[in-house]
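Chain residues, written in single-letter form:
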Amino acid sequence: MIKPTPTALYLNDTVVIPWSSTNLGEGGFRLREREDFFWQVEMTGYDASTATLFLRVTNFEAEAEDYQPDRTARAAVRALHFAPLDRAAFCSQLSYYETGRLPLTALPAVDGEETTVADSAGCVPEVRKVRSLHFTVAFEALRIGDGYVAGTYVSGELPPLPFRIPNPHLVKEFNAIRSYFARQLRRSTLEVSAELHFDGAGEPGIRRARSGQVDRIDDRMIEVLRARTLRQFLQQDDPDQSLFTPEELWERSADDDPVRTLLPPPGPELLEHILNEGSVRNARQLTHLATRHERGQKLRFVLTPQFGFFFFVRGEGMHHFILELLDSHATYIWSLPRGSDTLSDHFARVKGEVEQLNATGRQAYRRTNTFDHTFWSVRHEQIDSPFVDGFSRWRARLEEGLV
C-alpha cells in the first residue's frame, strides 16, 4: 500500500519517493489537491543495483486504514517504476494530465489527434498534442458574453490561457449579475473540463471547455431569477418621495442589481412586462390607462402605499392625473382646468395631493380632501364576475369624466 500526494509517493513515513524518481515523471500531470488517495500495489520486481522497485497498481481506491505508515522497508528504495496504469482510474484522481507522457492503458483515437500506447515496460511514448484539463475558477473571475462564459486558466507551468464555455441562454448583459447565478447555483466556483491543445509550434491553447454548472443556467433558471427580481422590485418602499420619474426609479438600483439586466427600463415596457409576468387584479384597467397616457409625457411611478403608475391624459378642457396601484380596487383622478395654470404647475399641485393621500390613507383622503379642483375615483366593481363585464362599466365611467 502506498500513498500518492501531489509532490511524492509515501511507502511509509520515512520512505518518500518524489515523482521525478518514478517513470511517471513530474510536470505531465497533477494529483488533485485536498484529497487523500491510497493505492494497493503489487510488486513485480526489484533492481538492487539502482534500488528501483517495480510495481503494478491493483486498486486506485484502497482504504486509508490499510495504509501502514510505520511499516519497515525490507530494502532501500530510491526509485519506482510502474506498469501501465488504468487510464480511467488514474485520470479521475488528477486535476490535469498530459496523456502522451504517461504509461497508461490504450485510449481510442480522437478525430484529428494522435494516440499513443505505452509498451509493457511503461516506457514514455511520443508526446501527444492534447492534454485533458480539470480545474476550478471563481465566478467573479469570469465574464459573460453573448452565448458564452469566458475566463482565463492560470497555472504555474503555462502562460495564462483564455477559454470559453458555450451556453446559448446567456447574453452579455448578464455579466453584471453573474454573482446572482452563483447564488442560484449555491457555489462560488465553476468546475471546468477542457482540452489543452498544442499547435505545430508548440504553443498551448484551450478548447472544448465545458462546465456542468454553466450547463445548468437555462431559460428556466433565468425566468425564476427574473420573477424573483420583479417581486422584489414591486415590494420596494420609499415614504419620503411620492412620485418617481423613470430615471429616478432606475437610479435606485445599483449597476450590478439584476433589476437593470432582467427587467425592462421603467416606462411602458415595464408596465407591459408586469402585466405579462403575473396575475394582476386590475390588469385590464392598467392596459387601458396605458393607451390613454399622453405620448411624450413620462410615465411616473409610486412606491407607497404599494407599487403603482401615475398616468396623464389631456382632455379638451382639463388636465387629468390618474393614479392606479397594482391589485387595487379603485382608480383615483385629479382633474384641473387647462387654462387655470401651466401643466408643470398642475403636476406640482397634484404631487402634493398624492403625498397627502399616502400620509392619510386612501379612505381618509376621500373623506377629508380639500383639493380646490376636481378629485374623483372609479371603483373596480365586479372585476372577477363571470356574468357582468365590470371592466366595461369602469371604462365607461372613466371616459365620461376625461373631458
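Residues numbered from 1 in each chain as written. Predicted model: local features only at pLDDT ≥ 70, side-chain atom pairs only at ≥ 80, totals over all residues. Heavy atoms only, no water.

### Here we look at the packing of helix α2 (residues 178–185) against helix α4 (residues 219–234)
- Contact geometry for α2 and α4: axes closest at 11 Å, N-to-C directions at 105°. The pairing of α2 with α4 is recorded here as roughly perpendicular in orientation. Residues Y180, F181, Q184 and L185 of α2 pack against M221, I222, V224, L225 and R228 of α4.
- Residue composition of the contact of α2 with α4, grouped by class: seven nonpolar, one polar and one charged. (Axes fitted to C-alpha atoms, helices over the stretch in contact; angles between N-to-C directions. Helix = DSSP H or I, 4+ residues; strand = E, 2+ residues; numbered from the N terminus. Parallel < 35°, antiparallel > 145°, perpendicular 65-115°, else oblique. Contact = heavy atoms within 4.5 Å. Nonpolar A, V, L, I, M, F, W, Y, C, P; charged D, E, K, R; others polar.)

### Here's the deal with the pairing of strand β17 (residues 318–325)
- For β17, the tally of buried residues reaches eight of eight residues, placing the bulk of the element in the interior.
- Here β17 shows two buried faces, one formed by M318, H320, I322 and E324 and the other by H319, F321, L323 and L325.
- Alignment of strand β16 (residues 308–314) against β17, held across seven bridges, turns out to be antiparallel. The partner of F311 across the bridge, within β17, is I322.
- Two successive antiparallel strands, β16 and β17, enclose a turn made up of three residues.
- As paired strands, β17 and strand β18 (residues 330–337) are joined by six bridges and run antiparallel to one another. Following the sheet pairing, F321 is matched in β18 by W334.
- Count of turn residues in the β17/β18 antiparallel hairpin: four residues, of which D327 carries a positive phi of about 60°. (Buried < 20%, exposed > 50% of the residue type's maximum accessible area, 1.4 Å probe, protein only. Pairing = 2+ DSSP bridges.)

### Considering the packing of helix α8 (residues 283–292) against helix α11 (residues 390–401)
- Axis separation between α8 and α11 bottoms out at 10 Å; the angle between their running directions is 35°. The way α8 lies across α11 gives a crossing that is right-handed. Taken together, the residues of α11 that come into contact with α8 (itself represented by R284, Q285, H288, L289 and R292) are F391, W394, R395, L398 and E399.
- Among the residues making up the contact of α8 with α11, the classes are represented as four nonpolar, two polar and four charged. (Left-handed = near helix turned anticlockwise from the far one by under 90°.)

### Examining the packing of aromatic side chains
- For the coordinates displayed, the defined rule picks out 22 aromatic pairs.
- Seen in terms of ring centroids, F135 and Y153 are 4.5 Å apart; in terms of plane orientation they differ by 45°. Their pairing is tilted. Residue F135 is found in strand β9 (residues 130–138), and its partner Y153 is found in strand β11 (residues 148–153); the two are separated by 18 residues along the sequence. Each member of the pair F135 and Y153 is classed as buried.
- Among the aromatic residues, those joined into a cluster by ring pairs are W19, W39, F60, F82 and F90.
- It is R183 that lies over the ring of Y180; its NZ or CZ is 4.7 Å from the centre. (Phe/Tyr/Trp six-rings, centres within 6.5 Å; stacked < 30°, edge-to-face > 60°. Lys NZ or Arg CZ within 6 Å of the ring centre and 35° of its normal.)

### Details of the sheet that holds β11
- Taken in spatial order, the three strands line up as β10-β11-β12 in an open sheet, and their pairing is antiparallel. Both outer strands of the open sheet, β10 (143–145) and β12 (161–166), are each paired with one neighbouring strand and no more. Strand-to-strand, the axes of this sheet are offset by a mean angle of 30°, without reference to chain direction.
- As paired elements, β10 and β11 share three bridges and run antiparallel to each other. Considered in β11, the bridge of G145 is made with Y148.

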